[in-house]
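# Per-entry structural report
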Amino acid sequence: MKYCYSCAQVRDADGATIKSGISAKELMERAGKALADAVLRAMEETRIDDALFVCGGGNNGGDGFVAARILMEAGKDVQVLCLAKRFSKECENAKAAYEGEVFERIPRRRYALIVDCLFGTGLTRAPEGDEAALIDFIENSGAYVISCDLPSGLSESGIAYPHCVHANGTITIGHMKYALLLADGADCAGKITIAEIGILTPERGAEIWGNEDLKMYFPHRRSHTHKGTHGDATILAGGKYTGAAFLAAGACLKSGAGYTRLRVTKELLPSAIGKLPSCILSEYEGIDGELLNSDCIALGMGAEADECFYDLLKELIVKYTGTLVVDAGALNALSEFGLEVLKEKACKIILMPHIGEFSRLTGKNVQEILHSPVELAMEFAKKYGVVVILKNNRSVITDGERVAINTTGSPVLAKGGSGDVLSGFLAGTVARGVPCFEAACVTSYVLGKAGECVANEMGEYAPDATDVIACLPKVMCDIVS
């Protein structure tokens, strides 16, 4: 299992490392050496002979001065551009030790490789003046760009300010950071390399799941088995968006659950007949024993958030003892008619809001959520005792204690129906016995990989949700192989 951390956690770990006896100067030397090694590799791979380091006056700039000194001592053609007027103590010392030329104005010469060492972590405002000009210089250079720690202009939440570097690669110091994965970070960072320099590991990090972590949730099945041993999942459909139910049920069929039941309203029943022959199709006429005996029920996909639907949801929450997967219209019903019913639950609950739905659930505006997705999702999950999948290009998954950031995905999934696929696949995965938090991590990862798989085969524009469903089996086979 890999982990990532907030920039604040890494700074605290950095401070604790210094207190343990490793000096700030030594840590900067290590960081600069790691950066120099990465730049040297890039120069060799791209056959570029020279590099320009663009340094700020803080410790990130100090890392750049150290790296430039090391490369110059190794006989490489490097220069430094620095417009800073004030310097941290460590940066000033590193600058003094660098004996090469330091440009104090933006050069006209074009460089094929630029190393961005302007800000790193700690940026709490939009770059302006000389800082913005330097970022624009890097962005418009056409050079291969390596950023140190974080691309300059990227906030610690992963939101890019109007002036922000888009790097080909980022060498992040010490540990992986949320900012490189969340929101715009995924687009700004390029290829991410972690430079281990002996900084202590923070106590609690966000989990990053990979293929190896998922294998145990797709165990080899013994031959002496039957459908009743692999769980019973129900897709409870209703509302005017009828396709959502079929997408969810179709994905559930690929999950490995023994039974996939599709319960539809009387109005929807004629159009559902024959659509998914492998589903157990029946008309929904109210909460009955068969429904309550399901291991997992997914609802809300395609549903309208009216009071009648809220009454159904509320009754299930207080009567049902399995796991509820709550999505779309069900989330909006909770937002409109009351969240307190969650505290009366007899069942386990997984909520699957995208950013807009989470805004309605919490009363926070979208920007607040984008700037603190991990903290707000954890706070909500803990308050109501639920698992939350806060869906975005990098989804945050939490039960209030553990947290994971899903790093798989593709713009292919930015189409209607992707959330319905996740709901159905999640329902079946829970039904076959995977615990809620782990099931949320597993299914988010697999869906993201399916999106990547489809994009590789069909491009990012043409595929729809049915193509993603068709790719789920291939992804699962790759995981267990």
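Residues numbered from 1 in each chain as written. Predicted model: local features only at pLDDT ≥ 70, side-chain atom pairs only at ≥ 80, totals over all residues. Heavy atoms only, no water.

### Side note on the overall build of the protein
A count of helical and extended segments in the protein gives 18 helices and 18 strands. Its C-alpha atoms give the protein a radius of gyration of 26 Å, near enough to 23 Å, the size a compact globule of 481 residues would have. Seen through its principal axes, the protein has C-alpha atoms that stretch 80 × 40 × 40 Å. Here the protein holds 481 residues, and 54% of them are scored as buried. (Helix = DSSP H or I, 4+ residues; strand = E, 2+ residues; numbered from the N terminus. Rg over C-alpha atoms; globule rule 2.2 N^0.38 Å. Buried < 20%, exposed > 50% of the residue type's maximum accessible area, 1.4 Å probe, protein only.)

### Comments concerning the environment of Gly-338
Within the secondary structure layout, Gly-338 lies in the loop between α12 (329–337) and β15 (348–351). Judged by relative accessible area, which is 22%, Gly-338 ranks as partly exposed. A sequence separation of 28 residues divides Gly-338 from Tyr-310, and the C-alpha atoms of the two residues are 8.9 Å apart. With near-sequence residues (within four places) excluded, Gly-338 lies in contact with Tyr-310 and Ala-333. (Contact = heavy atoms within 4.5 Å.)

### Focus on the nonpolar core
Core analysis: the largest hydrophobic core is formed by 62 residues, its most contacted members being Ile-235, Leu-262, Ile-350 and Val-446. Elements that contribute at least two residues to this core include exactly β10 (232–236), α8 (243–253), β11 (259–264), β13 (296–299), β16 (387–390), α16 (418–431), α17 (436–458) and α18 (465–480). No other element matches the 13 residues that α17 contributes to this core. Ignoring anything within four residues of it in the chain, the contact list for Val-446 reads Leu-214, Phe-218, Phe-425, Leu-472, Val-475, Met-476 and Ile-479. (Core = buried A, V, L, I, M, F, W, Y, C linked by side-chain atoms within 4.5 Å.)

### Remarks on helix α15 (residues 373–384)
Taking 1.5 Å of rise per residue, the 12 residues of α15 would be expected to cover 16 Å, and the 17 Å separating its terminal C-alpha atoms lies within 8% of that figure. Of the residues making up α15, those classed as buried are Pro-373, Val-374, Leu-376, Ala-377, Met-378, Phe-380, Ala-381 and Tyr-384. Positive backbone phi, approximately 65°, marks Gly-385, located one or two places after α15. (Expected span 1.5 Å × (residues − 1).)

### Notes on a negative patch on the surface
Negative charge collects at one region of the surface, where Glu-304, Asp-306, Glu-307, Asp-311 and Glu-336 lie side by side. In this structure, Asp-306 sits in the loop between β13 and α11 (307–319). (Patch = residues over 30% accessible without salt bridge, like charges linked within 9 Å, V, L, I, M, F, W, Y side chains within 5 Å. Areas by Shrake-Rupley, 256 points an atom, 1.4 Å probe, with all protein chains shown as cover. Salt bridge = Lys/Arg side-chain N within 4 Å of Asp/Glu carboxyl O. Lys, Arg positive; Asp, Glu negative; His and termini not counted. Charge placed at Lys NZ, Arg CZ, Asp CG, Glu CD.)

### Some words on the sheet that holds strand β8 (residues 191–195)
The parallel open sheet is built from 7 strands, whose spatial order is β4-β3-β2-β5-β6-β7-β8. Of all the strands in the sheet, just β4 (102–103) and β8 have a single pairing partner and so form its edges. Bridging between strand β2 (residues 50–55) and strand β5 (residues 113–117) involves 4 bridges; their strand directions are parallel. In the strand pairing of β5, Val-54 is matched with Asp-116. (Pairing = 2+ DSSP bridges.)

### Side note on the side chain of Thr-408
Its place among the elements puts Thr-408 in the loop between β18 (403–405) and α16. At 3.1 Å, the side chain of Thr-408 and the side chain of Asn-406 are in polar contact. At 3.0 Å, the side chain of Thr-408 and the backbone oxygen of Tyr-445 are in polar contact. The contact partners of Thr-408, leaving out residues within four places of it in the chain, are Asn-393, Arg-394, Ser-444, Tyr-445, Gly-448, Lys-449 and Glu-452. (Polar contact = N/O pair within 3.5 Å; in protein donor to acceptor, adjacent residues only side chain to side chain.)

### Remarks on the environment of Leu-331
Mapped onto the secondary structure, Leu-331 falls in helix α12. Overall, Leu-331 belongs to the buried group, its relative accessible area being 0%. Along the chain, Leu-331 and Glu-26 lie 305 residues apart, while their C-alpha atoms are 51 Å from each other. Excluding residues that lie within four positions of it along the chain, Leu-331 makes contacts with Val-326, Leu-351, Met-352, Pro-353, Glu-357 and Leu-361.

### Description of the state of the cysteines
Here, disulfide denotes a covalent bond that connects the sulfur atoms of two cysteines. Under the criterion given, the structure shown has 0 disulfides. Between Cys-308, a free cysteine, and Cys-347, which holds the nearest cysteine sulfur, the sulfur-to-sulfur gap is 19 Å. Owing to a relative accessible area of 60%, Cys-308 belongs among the exposed residues under this scheme. (Disulfide = S-S within 2.5 Å.)

### Brief notes about the pattern of salt bridges
By the definition in use, this model includes 22 salt bridges. A salt bridge links Arg-109 to Asp-50, with the shortest nitrogen-to-oxygen separation between them at 2.3 Å. Linking Arg-109 in the loop between β4 and β5 with Asp-50 in strand β2, this pair joins segments that are 59 residues apart in sequence. Given the relative accessible area of 38%, Arg-109 is considered partly exposed. Salt-bridge contacts for Arg-263 lead to Asp-288; the nearest nitrogen and oxygen are separated by 2.8 Å. On the criterion of sequence distance, the pair formed by Arg-263 in strand β11 and Asp-288 in the loop between β12 (280–283) and α10 (289–292) is long-range, its members being 25 residues apart.

### Let's talk about the layout of surface pockets
If you add up the space inside the largest pocket, you get close to 1,000 Å³. Those elements that provide at least two residues to the lining of the largest pocket are α1 (7–19), α2 (24–46), α3 (59–73) and α5 (129–139). Residue contributions to the lining of the largest pocket peak at 5 residues, all from α1. Tallied by class, the residues present in the lining of the largest pocket amount to 18 nonpolar, 10 polar and 11 charged. In this structure, the second largest pocket encloses a volume near 770 Å³. Together, 30 residues line the second largest pocket, and Asn-392, Asn-393, Ser-410, Leu-413 and Ala-414 are the ones closest to its centre. Counting residues per element, the ones that place at least two in the lining of the second largest pocket are α6 (185–188), α16 and α17. No other element matches the 4 residues that α16 contributes to the lining of the second largest pocket. (1 Å grid on protein atoms, 1.4 Å probe; cavity = no way out; pocket = protein on both sides within 12 Å on 5 of 7 lines; lining within 4 Å. Points joined across faces, edges and corners; volume = space filled by probe spheres on them. Nonpolar A, V, L, I, M, F, W, Y, C, P; charged D, E, K, R; others polar.)

### With respect to the packing of aromatic side chains
Taken as a whole, this structure holds 5 aromatic pairs when the rule is applied. Where Phe-65 meets Tyr-98, the ring centres are 6.0 Å apart and the plane angle is 55°; that geometry is what we call tilted. Highlighted residues: Phe-65 in helix α3 and Tyr-98 in the loop between α4 (89–97) and β4, separated in sequence by 33 residues. Each member of the pair, Phe-65 together with Tyr-98, is buried. Taken together, a centroid distance of 5.6 Å and an interplanar angle of 70° make the contact between Phe-358 and Phe-380 edge-to-face. Placement of Phe-358 in helix α13 (residues 355–362) and of Phe-380 in helix α15 is noted, with a sequence separation of 22 residues between them. (Phe/Tyr/Trp six-rings, centres within 6.5 Å; stacked < 30°, edge-to-face > 60°.)

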